[in-house]
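Listed below, chain by chain, are the residues.
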Amino acid sequence: MSAIQKYYIWGWGRSAHGAARYLQSQQSQGKAKKLVAIISEKKDISDNSISVISPSEFIERVSSQNLATKNCSVIFSPGLPPSDPYYTQLRSLASREGIILQSAFELGLEDFRGRVIAVTGSNGKSSVVTMLEHVLLQNNIRAKALGNIGLSVCEYFAAEPKDSLDVIILELSSFQLFHYGWKLSNSLPQPQSTKFWDLACILNISCNHLDWHGDMPSYVQAKGYILQGLKKSALLWLDSSSRASLSELHANNAATSSERKVIEQARGIHTDLHELKITLTADRACHVICKKDPIQKTIITEPVVESVNDKTNTIHTQLGINDAEHSFYAHDASYVQLISEMAKEFNLSQFQVSFALLSYKKLAHRMEPVAIISEITFIDDSKATSLSAVSAALSAFSHSPIHLIVGGKSKSSDFSLWAELLKDTSVVRVYCIGECGEKIAYELEQQSACYLEVEHCFTLKASVLASYRCAKKGDCVILSPGCSSLDQFLNFEQRGECFKKIVLGLAPDCHTR
């Protein structure tokens, strides 16, 4: 009989809950896994069957060798910051005591025989994993988006068998990747398998989460840890920003020569797309991409797929519709092209990808049209918590004068960058809200007085009312905060829903989109 692996789970957030349920289900099936305790300051964890030990007590027991560490693993919640003093102590003790440190997703992926696609990036992760999941499911491939979106891997496999999926599309945050990659880079004791990805991509890298990582190089390094999980024959995609950031990080490090080779050989992600449109009519189907010509400043239209009669009849039957059109703008268009390339690894054609996406419903709070009131369009982009995400929204709606609502809780961003971001855009007025609204307003007023009006509104409701008062027919009001929501809201979803409610209450005759 194999030795029982003993597990401790550090933290008690959603990821930890899923890991606990997974271990309990594994143990009930007779697997050689045992959940010993939760490491947490919270003593009441609403499950009397699980023991709780404080971080200080756990470290003391390990240090004094009063805790058996043979066949012992510690599972980390992704939110645990690298600066946590107890975490720092445990990392120094792990090598000496032979303790295996694992991320929760590693635990859940053990013994999974299907294919794994890993997706990370500063922006766009959830859009890509849900679009890819939709495309695969529409083509009868059992796929599930897991990780930093919806269910964790452990949550899913606590209830379902490992052979219930052909493909896992894993959304990975920089927090998750940090805990996964740091131990691999520092030669700490490892579980049996650490290479999981068949396909992987970094969509983009821009300034984000510096309050957690400390500085930009540390953030880039965390994103780069995705390379550690590539199987020998895996495929990797990088956009130009992630390729440049990783190349700079590894430029003078001889120990990462193999990683530099992986970066150089990675496939590219197109970022020059203006729009991608998929249309279906009674006798014609077409997939068209529109690119920006950087010299002529014009839009170039290129048909990619055009079919008539036989294939369109099949699509009509499958979708149950006669006519359809779906447009993807800027970043989303680039993501569709990436998904099309990944789909080739599952023997799916561009035609199959395109028309699966005709029935795809875009995620809420991401450049989401809310209403048109008095010929003013209101857009909910609450998910935009970084400057690069705000930039994407401004590009997508550049055809109209923009009234931009920004602010919230800072993630240690450089507020002086706001003025440069908004220069040469169609933004005519900015409404600043939240904890860092005053700082953003100050920087904008100092640097952009000649071309931009700024108003400090404090609250979301005040900003919506002010923008409605100032906007003219044909203008666009966009909530694209560039900051976290945690100063005034539970999450970006609540902030977006609050925005919608305020907007829809402006006038009884508004036209929702």
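Heads up: the structure comes first, above all this text.
As a starting point, this report considers the structure included with it. (Residues numbered from 1 in each chain as written. Predicted model: local features only at pLDDT ≥ 70, side-chain atom pairs only at ≥ 80, totals over all residues. Heavy atoms only, no water.)

This part takes up the pattern of salt bridges. Inspection of every chain in the model, using the stated rule, returns 17 salt bridges. Across the pair K33 and E110 runs a salt bridge whose closest N-O atoms are separated by 2.8 Å. Here E110 lies in the loop between α4 (104-109) and β6 (115-120) and K33 lies in strand β2 (residues 33-39), a separation of 77 residues in the sequence. Per residue, the accessibility class of K33 equals that of E110, and both read buried. Within the structure, one salt-bridge network assembled from shared partners comprises R429, E453, E455 and R469. (Salt bridge = Lys/Arg side-chain N within 4 Å of Asp/Glu carboxyl O. Helix = DSSP H or I, 4+ residues; strand = E, 2+ residues; numbered from the N terminus. Buried < 20%, exposed > 50% of the residue type's maximum accessible area, 1.4 Å probe, protein only.)

Moving on, we get to the environment of G13. Inspection of the secondary structure assignment puts G13 in the loop between β1 (5-10) and α1 (14-28). Taking the C-alpha atoms as reference points, G13 and L80, 67 residues apart in sequence, are found 10.0 Å from one another.

Note that K409 resides in the loop between β18 (402-407) and α16 (417-422). Judged by its relative accessible area of 30%, K409 is partly exposed. Along the primary structure K409 and C436 are separated by 27 residues, whereas in three dimensions their C-alpha atoms are 6.0 Å apart. Ignoring any residue separated from it by four or fewer positions in sequence, one finds K409 in contact with E435, C436, C483, S484, L486 and D487. (Contact = heavy atoms within 4.5 Å.)

Along the polypeptide, E133 turns up in helix α5 (residues 125-138). Comment: no salt bridge for buried E133; closest opposite-charge side chain is K144, at 4.4 Å. Not counting chain neighbours up to four residues away, the residues in contact with E133 comprise A143, K144, A145 and I169. (Lys, Arg positive; Asp, Glu negative; His and termini not counted.)

Attention now moves to the packing of helix α18 (residues 460-470) against helix α19 (residues 492-504). In contact at an axis separation of 10 Å, α18 and α19 are set at 40° when each is read in the N-to-C sense. What the angle tells us is that α18 and α19 run oblique. Handedness of the α18/α19 crossing: right-handed. Residue-level inspection shows L460, K461 and V464 of α18 in contact with α19, the latter providing R495, C498, F499, I502 and V503. The residue inventory of the contact of α18 with α19, partitioned by class, reads six nonpolar, no polar and two charged. (Axes fitted to C-alpha atoms, helices over the stretch in contact; angles between N-to-C directions. Parallel < 35°, antiparallel > 145°, perpendicular 65-115°, else oblique. Left-handed = near helix turned anticlockwise from the far one by under 90°. Nonpolar A, V, L, I, M, F, W, Y, C, P; charged D, E, K, R; others polar.)

Trans is the prevailing form of peptide bonds, just as negative phi is the prevailing case for residues other than glycine. The backbone of H209 shows a phi angle near 55°, a positive value even though the residue is not glycine. The class of H209 is partly exposed, set by a relative accessible area of 23%. For E375, which is not glycine, the phi torsion reads 65° and is therefore positive. Take E375: it is sitting in the loop between β16 (368-373) and β17 (376-380).

Turning to the sheet that holds strand β4 (residues 72-76), a few remarks are in order. Taken in spatial order, the five strands of this open sheet run β3-β2-β1-β4-β5, and their pairing is parallel. Of all the strands in the sheet, just β3 (51-53) and β5 (100-103) have a single pairing partner and so form its edges. Going from strand to strand, the sheet's axes swing by 35° on average, the running direction of each strand aside. Pairing of β4 with β5, which is carried by four bridges, proceeds in the parallel orientation. Across the sheet, the residue bridging to F76 is S103, located in β5. (Pairing = 2+ DSSP bridges.)

Bringing the environment of G229 into the picture now. Note that G229 resides in the loop between α9 (216-224) and β10 (230-238). Relative accessible area serves as the criterion here: at 0%, G229 is assigned to the buried category. Along the sequence, G229 and D198 sit 31 residues apart, while their C-alpha atoms lie 8.9 Å from each other. With residues near it in sequence (within four places) discarded, G229 still touches Y180, T194, K195, F196 and W197.

This part takes up the pairing of β5. The two faces of β5 match: I100 and Q102 on one face and L101 and S103 on the other face are all buried. At this point the chain moves from β4, through helix α3 (residues 85-97), to the parallel β5, and the crossover so formed is right-handed. (Right-handed = clockwise from strand over helix to strand, strands pointing away.)

On to the packing of aromatic side chains. Under the criterion given, the structure shown has 13 aromatic pairs. Seen from their ring centres, F105 and W197 are 5.9 Å apart, and the 35° between their planes marks the pair as tilted. Taken together, the residues span a long stretch of sequence, with F105 in helix α4 and W197 in strand β9 (residues 197-202) at a distance of 92 residues. Aromatic side chains F178 and W212 sit 5.8 Å apart centroid to centroid with 85° between the ring planes, which places their arrangement in the edge-to-face category. Taken together, the residues span a long stretch of sequence, with F178 in helix α7 (residues 174-185) and W212 in helix α8 (residues 210-213) at a distance of 34 residues. Just as F178 is buried, W212 falls in that class too. Within the aromatic cluster, the residues linked to one another by ring pairs are Y8, W10, F58, F76 and Y87. Positioned over the ring face of F157 is K162, at 5.3 Å from the centre of the ring. (Phe/Tyr/Trp six-rings, centres within 6.5 Å; stacked < 30°, edge-to-face > 60°. Lys NZ or Arg CZ within 6 Å of the ring centre and 35° of its normal.)

Now for helix α17 (residues 437-447). Listing the buried residues of α17 in full gives G437, I440, A441 and L444. What you see down the axis of α17 is that its buried residues fit within an arc of 100°, all on one side. The outward face of α17, more than 90 degrees from its buried face, is lined by the exposed residues E438, K439 and Q446. Taken together, the buried residues of α17 touch β18, α16, β19 (427-433) and β20 (453-458). (Arc of directions from axis to C-beta.)

Right, let's talk about the sheet that holds strand β7 (residues 143-147) for a bit. One open sheet holds the six strands; their spatial order is β7-β8-β6-β9-β10-β11, and the pairing between them is parallel. Both outer strands of the open sheet, β7 and β11 (267-268), are each paired with one neighbouring strand and no more. Here β6 runs beside β9; their pairing, made up of four bridges, is parallel. Across the sheet, residue I117 finds its bridge partner in β9, namely L199. Running over the sheet, helix α10 (residues 240-250) touches β9, β10 and β11 and is turned about 120° from β10.

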